[in-house]
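Listed below are the residues making up each chain.
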Amino acid sequence: ELREIEWDVFNIIEKCKGHTGFDQYGIPLYDGDIKGLLVISGRRTGKSYIGISCVGHEYTFYKNNEIVVSASIETYTKSFKNQLRLGLDSLPGGVSIAGEDYPPPFSLSRIKDDWTKEIRSGIKVIKDGVATTKGHNSRIIPITYGHNPMAANGKAPSFHVFEEIGSFYNLKECYAASQPCWTNENYQFGMPYLIGTGGDMTKGTVDANDMFHNPEAYNLMGFNSEWYESPTCYFIPAWRKLTEFKNEDGSINKIMATEEI
């Protein structure tokens, strides 16, 4: 089901990647500055699934690419990784012909398949007795920061997920230490995607709150809202997920959905 939320957030993600429009031939242009996106919402709004889709897309369609999935403790990335693995292992299009199975056209073989350390696409080829690796060589790297803000050092992700930022007690320190991973001198090439669940905020609330209210200071996309005078990061109110209150044009009837809550 395509909801308002997916329609909005996926478009915002493209904008964060620098999308500015299309040329005369319909080719998308990415001439704008890249920014991060911080999203706060209640449960079941789909913010994690949106991140999972982005990670799967970056991994599948771009060669020699690196994606980082991170959290303060490993528990907070477990569900994300499980759903990501399910998606990559369930791509459509596989067929069976004359008793022989052919994989989906976009599925990638993996030379590394450890969901605690690294997922790497590619195939091993032996030629003249020498083993080499061919293929996309795209990588998904799970990271647990814990007490080490420098845990992502040495990585160069095109997309970097920070899960459950409300429980990230050293979020700002980890974010600042990781910024050089997706920037090259003054140029930013990668996009951080930070997500947190309102109502499940613990030790990380102070850092997450500060970043939410000061997007410009952290090079995050800012948005005007009805609640604050200055721009904040992105918030998805609970009424927007109640699809049973759709109007004819597919938008959610705010009055009816809010009354239901």
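What counts, and where the lines are drawn
Residues numbered from 1 in each chain as written. Predicted model: local features only at pLDDT ≥ 70, side-chain atom pairs only at ≥ 80, totals over all residues. Heavy atoms only, no water. Axes fitted to C-alpha atoms, helices over the stretch in contact; angles between N-to-C directions. Helix = DSSP H or I, 4+ residues; strand = E, 2+ residues; numbered from the N terminus. Parallel < 35°, antiparallel > 145°, perpendicular 65-115°, else oblique. Contact = heavy atoms within 4.5 Å. Nonpolar A, V, L, I, M, F, W, Y, C, P; charged D, E, K, R; others polar. Expected span 1.5 Å × (residues − 1). Buried < 20%, exposed > 50% of the residue type's maximum accessible area, 1.4 Å probe, protein only. Disulfide = S-S within 2.5 Å. Core = buried A, V, L, I, M, F, W, Y, C linked by side-chain atoms within 4.5 Å.

### Digging into the packing of helix H4 (residues 171–178) against helix H5 (residues 205–213)
Packing of H4 against H5 leaves a shortest axis separation of 8 Å and a crossing angle of 60°. Judged by the angle between their axes, H4 and H5 are oblique. Listed contacts from H5 to Leu 171, Lys 172 and Tyr 175 of H4 are Asp 207, Ala 208, Asp 210 and Met 211. Residues that form the contact of H4 with H5 fall into these classes: 4 nonpolar, no polar and 3 charged.

### Quick notes on helix H2 (residues 47–61)
The end-to-end C-alpha distance of H2, which contains 15 residues, comes to 21 Å, matching closely the 21 Å that a straight helix rising 1.5 Å per residue would cover. Taken together, the buried positions of H2 are Lys 47, Ile 50, Gly 51, Ile 52, Cys 54, Val 55, Gly 56, Glu 58, Tyr 59 and Thr 60.

### Concerning helix H1 (residues 4–16)
Between its first and last C-alpha, H1 extends 18 Å over 13 residues, near the 18 Å set by a 1.5 Å rise per residue. The inward-facing, buried residues of H1 abut strand E3 (37–41), H2, strand E15 (191–197) and strand E16 (234–236). Where H1 ends, the next residue or the one after it, Gly 18, has phi of about 100°, a positive value.

### Observations regarding the state of the cysteines
Applying the stated criterion across every chain yields a total of 0 disulfides. Between Cys 16, a free cysteine, and Cys 233, which holds the nearest cysteine sulfur, the sulfur-to-sulfur gap is 9.5 Å. According to the relative accessible area criterion, Cys 16 is buried, its value standing at 0%. Take Cys 54: it sits in no disulfide, and the sulfur closest to it among the cysteines is that of Cys 16, at 10 Å.

### Comments concerning the environment of Trp 182
As for its position among the elements, Trp 182 is in the loop between H4 and strand E13 (183–184). Setting aside anything within four residues of it in sequence, one finds Trp 182 in contact with Pro 157, His 160, Phe 162, Tyr 175, Tyr 187, Gln 188, Phe 189, Gly 190 and Pro 192.

### Focus on the nonpolar core
Of all hydrophobic cores here, the largest spans 30 residues; its most connected members are Leu 37, Val 55, Ile 140 and Tyr 193. Residue assignment for this core shows that the elements contributing at least two residues are H1, E3, H2, strand E4 (66–71), helix H3 (75–89), strand E12 (159–162), E15 and E16. Once residues lying within four places of it in the same chain are set aside, the contact partners of Val 55 are Ile 67, Val 69, Phe 80, Leu 84, Ile 140, Phe 159 and Val 161. With 22 residues, the next largest nonpolar core counts Phe 162, Phe 168, Phe 212 and Leu 220 among its residues.

### A short note on unusual backbone geometry
The backbone phi angle of Asn 64 is positive, close to 50°, even though this residue is not glycine. By the secondary structure assignment, Asn 64 is in the loop between H2 and E4.

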